[in-house]
Amino acid sequence: MSDGLTAPEAGSAQDRIPVELDETGFSTDVEREDVGERIDSPFDPDLIEVQTRNPTVALLLNRIRRGTIDLAPDFQRRAGIWTLKAQSRLIESLLLRITLPTLYAAEGEEDVWAIVDGVQRLSTIARFVAPDDIGAEPLRLTGLEYLTDFNGCAFGDLPGRLQTRIEETELVVLLIRRGTPEKVKFNIFARINTGGRALTRQELRHALIPGPARGFLEELALSDAFRRATGGSVSAERMSDREMCLRFLAFSLTPPDSYAVGDFDGFLREAMHFVNRLDSAGRDFLRERFCDAMEAGFAVFGEHAFRKRFRDTSRRSPVNKALFESQSVTLSGYTKPMIDLLSERRHLVDEGFLGLMEDAEFFNAVSSGTGDVNKVKLRFSMLDDMFREVLDA
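Residues numbered from 1 in each chain as written. Predicted model: local features only at pLDDT ≥ 70, side-chain atom pairs only at ≥ 80, totals over all residues. Heavy atoms only, no water.

Draft legend 1. Main features of the overall build of the protein chain. For the protein chain, the helix and strand inventory stands at 17 helices and 9 strands. For the protein chain, the residues scored as buried account for 50% of the 393 residues in total. Nonlocal contacts in the protein chain, meaning residues at least 24 apart in sequence, comprise 74% of its contacts between residues at least 6 apart. Just so you have it, the protein chain exposes about 17800 Å², and 49% of that area is on carbon and sulfur atoms. (Helix = DSSP H or I, 4+ residues; strand = E, 2+ residues; numbered from the N terminus. Buried < 20%, exposed > 50% of the residue type's maximum accessible area, 1.4 Å probe, protein only. Contact = heavy atoms within 4.5 Å. Areas by Shrake-Rupley, 256 points an atom, 1.4 Å probe, with all protein chains shown as cover.)

So, in C-alpha cells, the structure goes:
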C-alpha cells in the first residue's frame, strides 16, 4: 500500500507540510491535500455542450431580477478583495468600452445560470445599475482614472447616453449547457484558471449545486463548536472550512466501510445533493451530531485536534482534512462516557496517535492519495483501533 513515503522524522516533517493559501497569499492553516483523483474513463465528446453567448447587461440584469441567474453571492472573492475603487474601475471600463473578461456559467434546471467565474464582476454591475435587485447599497463611483468628472455619481446621475451605453454593453458568457453530465461540468471548470488561480473543488460545488446545503455548510463552518475545535484559525477564503464540514457529513451518511467509489469529488458532490434532499429534521440531526463530534475532538485532542503530531515538538501543524474527517466521524460514533474516558486518558491517546504518525501506512493514508478507497478505510480503522486500545487500557 505504500506510495514510497516512509514514516516522518520528528520535527523536520512538520516544517515541510504545505498549506493552502488564500487570495492574498496568506496561510489558511489548512494542509494542502493530494486527493489522488484521476479520470477513470474518457468523456464522450457528444455529451459536452458548450455555447458562447453575448447577452447585454440589460438582459443579464433581467435574468437576475427574475431569478434565472444564480450569483451565489458568498461564493467568490470575499469582502476586502473588491474595494469600492476596484468596483468603480470596472464600471469605468464599461463606460470606456473596454471588453471585460469572459464570464463562465453552467445551465441548471429551469434555465437558471449558475455563475462559476465572474460573480464579483456581475454583482458590481448589478450594484451600480440595479442595486435593489440584489439587495445591495447603491454604488457611487470613486477613484476613477479617466472619467474623473463622474466621481461620486450613481447610475441615475449619469447622462442618458452613458446609461444606455452600459445597458447595451455585450458581455461574453461561456455557458455549459444543462445536458452536459455533472462530472464533465466539474472537470471542465476545474481546468479553468481565471483571475490567476484555479477554483477550488468546494468553490465549484458551491457554485454548481444550489440548494439548502450551501447555507447549512456555512452554518456548520461558522459554529462555535467548529471554531473551537479548529482553534478559530481556519480561513474561510477558499471554502476549505465548508469542505471539511461536508466531508464529515459525507462519511456520516455513508460509513467509511461502505465507501467504494474511488471518485472522492463525486462522493462529496453526492453528499451535497443528499443534504439538499433532507428535511429540516434530518439537517437538525446532522447538525447536532457534527457539533458533538467537534466537542469530542477538542476534548480528546485539545489544540492539536485534526492536525498531524510529531515527537520532540509542541508546534501545532495545520489542519489536515483527512484527519478531520477520520477523527471527527470516528469519535461521533462513541458514547459520551467513552469520550469522557478518552479525554481523561489523553496522554494515552497522544502516545497512540504519535505511534500512528510514525506508521508509514497511516502517514501515507492522511498525506497522499487520500481519496483512495483503501487509504480511506485504513485511516478510519487504525484510528478506531487506537481509540479502543486506550478505552480498554
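Next comes the rest of the account.
Draft legend 2. Inspection of the packing of helix α3 (residues 84–95) against helix α5 (residues 160–167) at higher detail. Packing of α3 against α5 leaves a shortest axis separation of 9 Å and a crossing angle of 95 degrees. By the criterion of interaxial angle, the relationship of α3 to α5 is roughly perpendicular. Counting all contacts with α3, which are made through Ile91, Leu94 and Leu95, the residues of α5 involved are Leu162, Arg165 and Ile166. Looking at side-chain class alone, the contact of α3 with α5 contains 5 nonpolar, no polar and 1 charged residues. (Axes fitted to C-alpha atoms, helices over the stretch in contact; angles between N-to-C directions. Parallel < 35°, antiparallel > 145°, perpendicular 65-115°, else oblique. Nonpolar A, V, L, I, M, F, W, Y, C, P; charged D, E, K, R; others polar.)

Draft legend 3. Just helix α13 (residues 321–332), in detail. If you check α13, its first and last C-alpha atoms are 16 Å apart, about what 12 residues at 1.5 Å a residue would give, namely 16 Å. Most of α13 sits inside the fold, with 12 of its 12 residues counted as buried. Taking the backbone nitrogen of Ala322 as reference, a side-chain oxygen 3.0 Å away marks Asn320 as the first, capping residue of α13. (Expected span 1.5 Å × (residues − 1). Polar contact = N/O pair within 3.5 Å; in protein donor to acceptor, adjacent residues only side chain to side chain.)

Draft legend 4. A look at the environment of Glu218. Mapped onto the elements, Glu218 comes out in helix α8 (residues 212–222). Accessibility expressed as a relative area gives 30% for Glu218, which makes it partly exposed. When the C-alpha positions of Glu218 and Glu243 are compared, they lie 9.8 Å apart, and in sequence the two are 25 residues distant.

Draft legend 5. Quick look at the packing of α8 against helix α12 (residues 280–301). At their nearest, the axes of α8 and α12 sit 11 Å apart, and the two run at 25 degrees to each other. Of the possible angle classes, the one that applies to α8 and α12 is roughly parallel. Considering only the axes of α8 and α12, their crossing is right-handed. Residue-level inspection shows Pro212, Phe216, Glu219 and Leu220 of α8 in contact with α12, the latter providing Arg283, Leu286, Arg287 and Phe290. Across the contact of α8 with α12, the residue classes tally to 5 nonpolar, no polar and 3 charged. (Left-handed = near helix turned anticlockwise from the far one by under 90°.)

Draft legend 6. Spotlight on the pattern of salt bridges. Counted according to the given criterion, the structure contains 31 salt bridges. The salt bridge involving Glu351 is made with Arg311; its shortest N-O contact spans 2.9 Å. In this pair, Glu351 is assigned in helix α15 (residues 346–357) and Arg311 in the loop between α12 and α13, connecting sequence segments 40 residues apart. For Glu351, a relative accessible area of 42% gives the class partly exposed. One salt bridge in this structure joins Arg311 and Glu358, with 2.6 Å as the shortest N-O distance. In this pair, Arg311 sits in the loop between α12 and α13 while Glu358 sits in the loop between α15 and α16 (360–365), placing the two residues 47 residues apart along the sequence. The network of salt bridges with common partners includes Glu33, Glu182, Arg201, Arg205, Glu243, Arg247, Asp265, Arg269, Lys321, Glu325 and Arg379. (Salt bridge = Lys/Arg side-chain N within 4 Å of Asp/Glu carboxyl O.)

Draft legend 7. Molecular detail of the pairing of strand β6 (residues 113–117). Across the 5 residues of β6, 5 count as buried, placing the element largely inside the fold. When strand β4 (residues 69–70) meets β6, the two strands line up parallel, connected through 2 bridges. The residue bridging Ile69 from the neighbouring strand is Trp113, located in β6. Examined bridge by bridge, strand β5 (residues 103–107) and β6 share 4 bridges and lie antiparallel to one another. From the neighbouring strand, Ala106 faces β6, where its bridge partner is Ala114. Here β5 hands over to β6 after 5 residues, with Glu110 in that stretch at a positive phi of 55 degrees. (Pairing = 2+ DSSP bridges.)

Draft legend 8. Highlighting the nonpolar core. If you look at the biggest cluster of nonpolar residues, it comprises 76 residues, and the most contacted ones within it are Met294, Leu331, Leu342, Phe353, Phe362 and Phe387. Composition of this core by domain shows at least three residues from each of domain 1 (45–193) and domain 2 (211–392). The contacts of Phe353, once residues within four sequence positions are left out, are Phe301, Arg307, Lys308, Arg309, Leu323, Gln327, Phe362, Leu383 and Met386. Ile64, Ile125, Ile166 and Leu175 belong to the second largest nonpolar core, which has 33 residues in total. (Core = buried A, V, L, I, M, F, W, Y, C linked by side-chain atoms within 4.5 Å. Domains from an automatic or database assignment.)

Draft legend 9. Region of the structure containing the sheet that holds strand β3 (residues 50–53). With mixed pairing, the 5 strands of this open sheet are ordered in space as β3-β7-β5-β6-β4. Here the strands that pair on one side only, and so sit at the sheet edges, are β3 and β4. Its contacts with the sheet put helix α7 (residues 201–208) on β4, β5 and β6, and the angle it makes with β6 is roughly 160 degrees.

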